[in-house]
Every structure is written in C-alpha cells, then in structure tokens.
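# Structural characterization, general
Letter by letter, the chains look like this.
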Amino acid sequence: MKKSWYIVQTYAGLEETVKESIEQKRDQMNLFDFIGRVFIPQEKVVDIKSGPVEKIRIPSTAKFHVNSGEDITKDQMIAELPEVHSKHDGKIIEVKNMRKLVIESIDRKNSRTYYIPSTTGIENGIRLGAKLTEGMPIAKDKSVFCEIDGKVVQNDRVKKVVIHPQDGEEDDFYFVPLECFNKSIRINKSIRAGDKIADKKIFTSPTAGIVEIDVFGAYKEVKISKVISKRLFPGYVFVEMFMNEESWEIVKNTEHVINFVSNAGQPIPLKTRDEKLISSLMVEKKSSKASEEVKVNINLEIGERVKIKSGPFEGFAGTVKEVKPDKKEITVMVTIFGRETPVVLSVSEVEKAVS
C-alpha cells in the first residue's frame, strides 16, 4: 500500500512525545502497512545566547580525534598526548613539582613559557586568563619576571624529571603533567632507555557541541560551541501513512494530538515537491554524524548587542551587522577611535552582551 505524508498538529514542545507515542502504537499493534516513518524537521543552531564557548588548549604534538565542524558529545575524547619514555639509560638526579605558565601576547603571535618551582610559588592573582604586563614579577620570590604584555593561557601543575645519561651526554629534562606522572620514578634511581616516565594524557570534551580548532604554533585551541536542535515547524509532526479510518483514529486519538492539517475536515497529504523536501531532510539527518561539515545557523540577530571575548578586540562591544552561518562568522560594528568600524569575527569570539 502506497503511503503519503500527512501533518499532525500538536502543542509546541510536545512534538517528541507525540512522535514517540505514534511510533509505540505502530510497533505494538504491528501497523507498519498503515503507519510508516514519523518525523520532526529540525536544524542545528549554534546557541550563542545560552553561555560562553568552552575553550581547551592542547599541545600541537597531541594526536587529535576530532576535526573542525564535527559534532562532539560530552566526555568524548578530543585528543591524547602520548606516553613519555626515557631516551637514554641513566640515573634520575632530580624530581620536582613545578608550575608551568604560558603567557601569550594580545595579538597571539608570541608566547613565553615559564617553569616555577612549587616551593617558590607564583604571585597572587596570576591565574588562567589573567592579564600581565612586561616586567611584572611571576614568582613570589621575584626571581622570574614577565617578558611580554599578554595573558595567561596555561597554568598547569607539572613534574620536572632530570635524568643524567650513562654515556655522559647532557642531562635530559622532562616536564610531564602531574596527573600522568609515573610514581615509581624516584630520585637516585637507575632508569633504562624506554622506561615510562608518564602515562598518556587524555583530553575530553566538557560539553556537547560543535568543534572548531585554531592552530597557534605550539598548541591548538579547541572551541566547543553549544548546539541546540531548533524545530523548523514548531507544533507539527509529519507522519507517513496509508490513510483510512483505522489509521486516522489511531493517530488522531494519540495524547496531545490536536488534529490533522485538513481541508473541510479531510486530512491533506503533502504534495510531491513537499514530500521530496521531507525525504531530503531525513537523509541529511541520518548522514550528519558522518559529515565533517555540519551546517548550522547562528541565533544572533542583526542589530543585537554583543561583547567580544577573545582576539585583538577583546573587551570591545558592538552591534551585529551581518551573520554568515556558512562561514560561522559575524560582522560587528565596533567603535574604534571614535568611528564605527566593521570587524569580522568567528562566532566563538563573541557572546551576548549583558544589558
């Protein structure tokens, strides 16, 4: 029996409930000849308004398991740093807790890395995201000073391991994440080439969303924007049916169903061109997980006020002039030196301004 697509009206927000109820009735009563697929057309929307974009800085030496444009789920692996092994036979002559600080210039073209002994400590107020100026002390004992104007982009606890090789070569220095350190490594202990100093480090996503990866020399910045599913037709569910009195009664009497979209009381099947649209949307939904490029819209409106939270214009506010979903870019009018200037930004560089 040839089925056609019909539209069922329901209450906005209960579309999924209605879809599941119709499918459950179909399955339990074995009505596959009369009721086929049930579909809710949706699109993925980058949700700028709900909160900040998650950012994770990962060394470029890590092995990445995701690409820009891909969907990611919470706790999914993003990348991993390999295990660290001794390069030579030798003797461990130093094991020390350190704090690793990376200061990046405002234009993101330069950076400096500092290792401060934990026993020395870093100055109060120096935390991730803190802005520093050239000449500011970093270590509490004033033994280390900042060499550039910038901000802290990495503030990690690491273990310093120094190994003196048996062949008399220069000492090998290793700085490994504290949580990955092999606790069997001890000072004055002999070690052989290939012995493990640290386990691999796994980077996972703190949230679900869409991935964007930017490369900055020694590290890659992974930005995860929250993605929500937006109903294309709120309050409507599409049902593939062979319409007769029995199938009409089953669907019509489903809880939260208001009625079929009808003409003079008769349910109206979709026209052929509309059926093709529904079929194409269903195919796109099935293949989206395998696609590297996810098509999204950006829920910002022209004229809306936003704040720039990263990049050269960090701290500036402006109004949205143009939105380019295909490029994940927006153009913001920013007042610079008393004049309004259009600035093209990645969607992950802005957030909704608080009134």
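In case you missed it, the structure is sitting above this.
Okay, so let's go over this structure. Since this is a predicted model, take the numbers as computed values, not measurements.

## Some thoughts on the sheet that holds strand β7 (residues 77-81)
- Across the sheet, which stays open at both edges, the three strands sit in the order β5-β7-β16 with antiparallel pairing between neighbours. In the strand order of this sheet, the two ends are held by β5 (63-64) and β16 (201-204), each with one partner.
- Pairing geometry for β5 and β7, over two bridges, is antiparallel. Counterpart to K63 in the pairing with β7 is E80.

## Considering the sheet that holds strand β21 (residues 257-260)
- Here we have four strands laid out as an open sheet, ordered β2-β20-β1-β21, and antiparallel in their pairing. In this open sheet, the two strands that pair with only one neighbour each are β2 (35-39) and β21. Here the strands of the sheet are splayed against their neighbours by 30° on average, with no regard to which way each runs.
- With respect to the sheet, helix α1 (residues 15-28) is in contact with β1 (4-10), β2, β20 (236-241) and β21, its orientation differing from that of β2 by roughly 165°.

## With respect to the side chain of E104
- With respect to the helices and strands, E104 occurs in strand β9 (residues 90-105).
- Other than its neighbours up to four places away in sequence, E104 contacts N110, S111, I148, D149, G150, K151, V153 and Y219.

## Side note on the environment of G168
- Relative to the helices and strands, G168 resides in the loop between β12 (150-165) and β13 (172-177).
- Along the sequence, G168 and G90 sit 78 residues apart, while their C-alpha atoms lie 9.1 Å from each other.

## With respect to the side chain of S205
- Position of S205 relative to the elements: it lies in the loop between β16 and β17 (209-216).
- Beyond its immediate stretch of four places on either side in the chain, S205 contacts I72, T73, K74, D75, Q76, I78 and I224.

## Some points on the environment of D172
- Relative to the helices and strands, D172 is located in strand β13.
- Once the C-alpha coordinates of D172 and K55 are considered, the two residues, 117 residues apart in sequence, prove to be 32 Å apart.
- Apart from the residues lying within four places of it in its own chain, the contact partners of D172 are K87, H88, V161, V162, I163 and P165.
- A polar atom in the side chain of D172 sits 2.7 Å from the side chain of H88.

## Thoughts on a negative patch on the surface
- A contiguous patch of negative charge, built from D167, E169, E170 and D171, is present on the exposed surface.
- You can see E169 is positioned in the loop between β12 and β13.
- Residue E169 is classed as partly exposed on the basis of its relative accessible area, which comes to 48%.

## So, the packing of aromatic side chains
- For the structure shown, the criterion picks out four aromatic pairs.
- For the ring pair Y6 and F260, a centre distance of 6.4 Å and an interplane angle of 85° mean the geometry is edge-to-face. One end of the pair, Y6, is in strand β1; the other, F260, is in strand β21, and 254 residues separate them in sequence. F260 shares its class with Y6; the two are buried.
- With centroids separated by 5.7 Å and ring planes inclined at 55°, the aromatic side chains of F233 and F238 adopt a geometry described as tilted.
- Given a relative accessible area of 5%, F238 falls into the buried group.
- Taking NZ or CZ as reference, K220 lies 4.7 Å from the ring centre of F64, over its face.

## A short note on unusual backbone geometry
- In this model, K142 sits at a positive phi of 65°, which is unusual for a non-glycine residue.
- Within the secondary structure layout, K142 lies in the loop between β11 (131-132) and β12.
- In this structure K142 comes out as partly exposed when scored by relative accessible area, which is 43%.
- Positioned with a positive phi, H256 is a non-glycine residue whose angle comes to about 80°.
- On the secondary structure map, H256 appears in the loop between α2 (245-252) and β21.
- Taking relative accessible area as the criterion, H256 reaches 28% and is therefore assigned partly exposed.

Criteria and thresholds
Residues numbered from 1 in each chain as written. Predicted model: local features only at pLDDT ≥ 70, side-chain atom pairs only at ≥ 80, totals over all residues. Heavy atoms only, no water. Pairing = 2+ DSSP bridges. Helix = DSSP H or I, 4+ residues; strand = E, 2+ residues; numbered from the N terminus. Axes fitted to C-alpha atoms, helices over the stretch in contact; angles between N-to-C directions. Contact = heavy atoms within 4.5 Å. Polar contact = N/O pair within 3.5 Å; in protein donor to acceptor, adjacent residues only side chain to side chain. Patch = residues over 30% accessible without salt bridge, like charges linked within 9 Å, V, L, I, M, F, W, Y side chains within 5 Å. Areas by Shrake-Rupley, 256 points an atom, 1.4 Å probe, with all protein chains shown as cover. Salt bridge = Lys/Arg side-chain N within 4 Å of Asp/Glu carboxyl O. Lys, Arg positive; Asp, Glu negative; His and termini not counted. Charge placed at Lys NZ, Arg CZ, Asp CG, Glu CD. Buried < 20%, exposed > 50% of the residue type's maximum accessible area, 1.4 Å probe, protein only. Phe/Tyr/Trp six-rings, centres within 6.5 Å; stacked < 30°, edge-to-face > 60°. Lys NZ or Arg CZ within 6 Å of the ring centre and 35° of its normal.

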